[in-house]
Amino acid sequence: MASDRGSRRAHVVGAGIAGLAAAVDFVRRGWPVTLYEAAAQAGGRCRSYHDAKLDRWIDNGNHMLLAANTAALSYLDQIGAGDRVTRPQRTAFPFLDLKTGEAWQVEPSRGALPWWIFDSRRRIPGTAAGDYLAALRLARAPRDATVADCLRTHGPLWERFWVPLTVAALNTHPREASARLLWLVVRESFAKGAAACRPYVARHSLSDTFVDPALAMLADRGGEVHFGQRLRALEFADAGVAALTFGERRIALDAADAVVLALPPGNATELVPGLTVPEDSRPIVNAHIRLPEGAVPKRRLPPELPILGLVGGAADWLFLRDDVASLTVSAAETLADDPAEEIAKRMWRDTARALGLDPAAAPITRIIKERRATLAQTPDALRRRPPQQTRWPNLALAGDWTDTGYPATIESAVRSGLAAVKTLAKS
Ligand SMILES: Cc1cc2nc3c(=O)[nH]c(=O)nc-3n(C[C@H](O)[C@H](O)[C@H](O)COP(=O)(O)OP(=O)(O)OC[C@H]3O[C@@H](n4cnc5c(N)ncnc54)[C@H](O)[C@@H]3O)c2cc1C
């Protein structure tokens, strides 16, 4: 890629996926880059660490990409990590109803026409083809409509498809989630057929896939990365940001330098005057369970995609990596306030039922509560997403919560980082 930097330096603050994507794009364009991160490690809400209690590497929470997440997948290719996600041959999401024991697969058709909904063997148990066609109401939803405003809010399709899909895609319950945003997800994935829905998960860990290769690429191209650096203030002058202050350390900028603030919305508002951001967030709770020694699950998960969607219990998804079962509860407003020991018991109950293990066992469990996992993707909150461009020519915003048009996910984080760089490279 041709260099468009002149003598300008890029300062990227926040080493989550948005900041990493921005820093990688800057170095690819030939800019010298400095990346600052408040924490001791990069990755933000998409990170891994060695957990001493479990004595295993775990992720903060289960993450999944779909093939439709084209920006995220090309970010992985650019950092040389395209092969670090599972690439299943078939698109099939296995589900289990923990109450009834019924199991099924959601397996979209190859092309854009959803033939699978007309095949009773491929439909979700208890549903009829006509139920699915109601999805078209999402396409015509007014801006303020929630998913629940558009669909029938009871029955098997609601419980076994719309609720799991909405909380997985938007981390917001369908009774308050934006119908338009869910339609975008359906349009970009299910409505395009199996190839666009193919699910990808990190083979080993989130950091090994999304973070470490990006840091290695930055180091390789002369980028500087500083951890333990919390940005405390921005100094503004007529032409834009004139200096960055990290506690005692003040970094004066050259007139042509560029700054990307890739921070969570609450941190960004403290630093940028007059910024409107989505304020409401929703939690995700994850349980990481080290299966009892010698336990052999009766239910086998396919090695190329060892995941299982759950309904009728407390958890939404179970991911199995070696001997660790990781369960996710999205839109977990109620559960997040429960004590970790209580949550651990409920998660083991679901795991034992799902995998066919002894419910009386009491395995070692780590509960991770991400209280501000994503913004609440309600019509009201989405209106408050700001663009990446600011009124200062050398300052841009990034983060999954900025206005990318996409749900607050890795895809949105990457897109926001690229959009921030594009604005600054132009100015
Ligand atoms: C449990 C969980 C499950 C998820 N599942 C999925 C999924 O399946 N698929 C998917 O696509 N997405 C998923 N997401 C969402 C995804 O993780 C986020 O969209 C993405 O990681 C957000 O990246 P970001 O860079 O915008 O923000 P962040 O990751 O929040 O990055 C912001 C960074 O800024 C740093 N920072 C904050 N203040 C300062 C400061 N003053 N100075 C310097 N640094 C600062 C923070 O430490 C952090 O590293 C999930 C999120 C969670 C929590």
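Colleague: Could you give an account of the sheet that holds strand β2 (residues 33–36), with specific residues and numbers?
Modeller: As summarised here, the arrangement of the five strands in space is β9-β2-β1-β13-β19, forming an open sheet in which the pairing is parallel. Single-partner strands in this sheet number two, and they are β9 (224–226) and β19 (395–397). The average angle at which neighbouring strand axes cross in this sheet is 15°, direction not considered. Pairing geometry for strand β1 (residues 10–13) and strand β13 (residues 258–261), over four bridges, is parallel. Bridged to His11 within β13 is Val259.

Colleague: Can you lay out helix α6 (residues 156–170) for me, pointing to particular residues and giving the numbers?
Modeller: The terminal C-alpha atoms of α6, which comprises 15 residues, lie 20 Å apart, in line with the 21 Å expected from a rise of 1.5 Å per residue. In terms of residue burial, α6 counts as a mostly covered element, since 12 of its 15 residues are buried.

Colleague: Describe in detail the site of the ligand, supporting the description with residues and values.
Modeller: Near the ligand there are 33 residues, and of these Glu37, Arg45, His63, Met64 and Asp400 occur at the shortest range. A distance of 2.9 Å is found between an oxygen atom of the ligand and a backbone nitrogen or oxygen belonging to Ile410. Burial of the ligand by the protein chains amounts to 92% of its free accessible area of 1000 Å². Elements supplying a minimum of two residues to the shell around the ligand: α1 (17–28), β14 (281–290), β18 (365–375) and α13 (410–426). Of the residues assigned to the shell around the ligand, the class counts are 15 nonpolar, 13 polar and five charged.

Colleague: How would you sum up the domain arrangement of the protein chain? Please name residues and give values.
Modeller: Split into domains, the protein chain comes out as domain 1 (10–47 + 206–279 + 378–426), domain 2 (102–197) and domain 3 (281–371). One C-alpha centre belongs to domain 2, the other to domain 3; they are set 25 Å apart. Across the contact, 11 residues belong to domain 2 and 10 residues belong to domain 3. Summing both sides of the interface, domain 2 and domain 3 together bury roughly 680 Å²; the carbon and sulfur share of this comes to 55%. Three residues stand out in domain 2 for area buried against domain 3, namely Val167, Asn171 and Glu176, and they jointly supply 59% of the buried area on that side. Inspection of the region where domain 2 meets domain 3 yields one salt bridge. In this assembly, domain 2 and domain 3 are joined by three residue pairs in polar contact (both at pLDDT 80 or more).

Colleague: How would you sum up the nonpolar core? Please name residues and give values.
Modeller: Val106, Leu138, Trp162, Leu234, Leu244, Leu261 and Val272 are the most contacted members of the largest nonpolar core, which totals 66 residues. In terms of residue count, α6 provides more of this core than any other element does, eight residues in total. Excluding residues within four positions of it along the chain, Leu244 makes contact with His11, Tyr36, Leu231, Ala233, Leu234, Arg249, Arg250, Ile251, Leu253 and Val259. In terms of nonpolar packing, the next biggest core, distinct from the first, is built from 46 residues, Tyr75, Leu76, Ala398 and Leu424 among them.

Colleague: Describe a nonpolar patch on the surface, and please don't skip the residues or the numbers.
Modeller: On the surface, Leu113, Trp115, Phe118 and Leu133 cluster together to form a nonpolar patch covering roughly 470 Å² of accessible area. Locating Phe118 in the fold gives a position in the loop between β7 (103–106) and α3 (129–133).

Colleague: Tell me about the packing of α1 against α13, and name the residues and values.
Modeller: One can describe the packing of α1 onto α13 by two numbers: an axis separation of 7 Å at closest approach and a directional angle of 40°. Comparing the axis directions of α1 and α13 gives the class oblique. For the pair α1 and α13, the crossing hand works out as right-handed. Facing α1, whose interface residues are Ile17, Ala18, Ala21, Ala22, Asp25 and Phe26, α13 presents Ile410, Ala413, Val414, Ser416, Gly417, Leu418, Val421 and Leu424. The residue makeup of the contact of α1 with α13, split by class, is 11 nonpolar, two polar and one charged.

Colleague: Please set out the packing of aromatic side chains residue by residue, giving values where relevant.
Modeller: This model, assessed by the stated rule, comprises 10 aromatic pairs. Their ring planes at 75° and their centres at 4.9 Å tell us that Phe161 and Trp162 sit as a pair that is edge-to-face. Overall, the relative accessible area of 9% leaves Phe161 in the buried class. On the basis of relative accessible area, Trp162 is assigned to the buried category, the value being 4%.

Colleague: Kindly report on α1, identifying the contributing residues and their values.
Modeller: For the α-helix, the turn length of 3.6 residues means that residues three or four positions removed from each other point alike. With 12 residues, α1 ought to run about 16 Å at 1.5 Å a step, and its terminal C-alpha atoms sit 16 Å apart, in line with that. Considered for burial, the residues of α1 that qualify are Ile17, Ala18, Gly19, Leu20, Ala21, Ala22, Ala23, Val24, Asp25, Phe26 and Val27.

Colleague: Tell me about the side chain of Ser48, and please be specific about residues and values.
Modeller: Note that Ser48 resides in strand β3 (residues 48–51). Under the relative-accessibility criterion, Ser48 is labelled buried at 3%. Once residues within four sequence positions are removed from consideration, Ser48 is found in contact with Gln41, Trp57, Ile58, Asp59, Ser205, Leu206 and Ser207.

Colleague: Explain the pattern of salt bridges to me, using residue names and the numbers behind them.
Modeller: In the structure shown here, the tally under the stated rule is 22 salt bridges. When the shortest N-O distance is used, the salt bridge between Arg47 and Glu370 registers 3.1 Å. You can see Arg47 sitting in the loop between β2 and β3 and its partner Glu370 sitting in strand β18, a full 323 residues away along the chain. Classification of Glu370 by relative accessible area gives buried; the value is 16%. In this structure, the salt-bridge partner of Asp97 is Arg160, at a minimum N-O distance of 2.8 Å.

Procedures and definitions
Residues numbered from 1 in each chain as written. Predicted model: local features only at pLDDT ≥ 70, side-chain atom pairs only at ≥ 80, totals over all residues. Heavy atoms only, no water. Pairing = 2+ DSSP bridges. Helix = DSSP H or I, 4+ residues; strand = E, 2+ residues; numbered from the N terminus. Axes fitted to C-alpha atoms, helices over the stretch in contact; angles between N-to-C directions. Expected span 1.5 Å × (residues − 1). Buried < 20%, exposed > 50% of the residue type's maximum accessible area, 1.4 Å probe, protein only. Near = heavy atom within 4 Å. Polar contact = N/O pair within 3.5 Å; in protein donor to acceptor, adjacent residues only side chain to side chain. Areas by Shrake-Rupley, 256 points an atom, 1.4 Å probe, with all protein chains shown as cover. Nonpolar A, V, L, I, M, F, W, Y, C, P; charged D, E, K, R; others polar. Domains from an automatic or database assignment. Contact = heavy atoms within 4.5 Å. Buried area = accessible area lost by both parts, 1.4 Å probe. Salt bridge = Lys/Arg side-chain N within 4 Å of Asp/Glu carboxyl O. Core = buried A, V, L, I, M, F, W, Y, C linked by side-chain atoms within 4.5 Å. Patch = residues over 30% accessible without salt bridge, like charges linked within 9 Å, V, L, I, M, F, W, Y side chains within 5 Å. Parallel < 35°, antiparallel > 145°, perpendicular 65-115°, else oblique. Left-handed = near helix turned anticlockwise from the far one by under 90°. Phe/Tyr/Trp six-rings, centres within 6.5 Å; stacked < 30°, edge-to-face > 60°.

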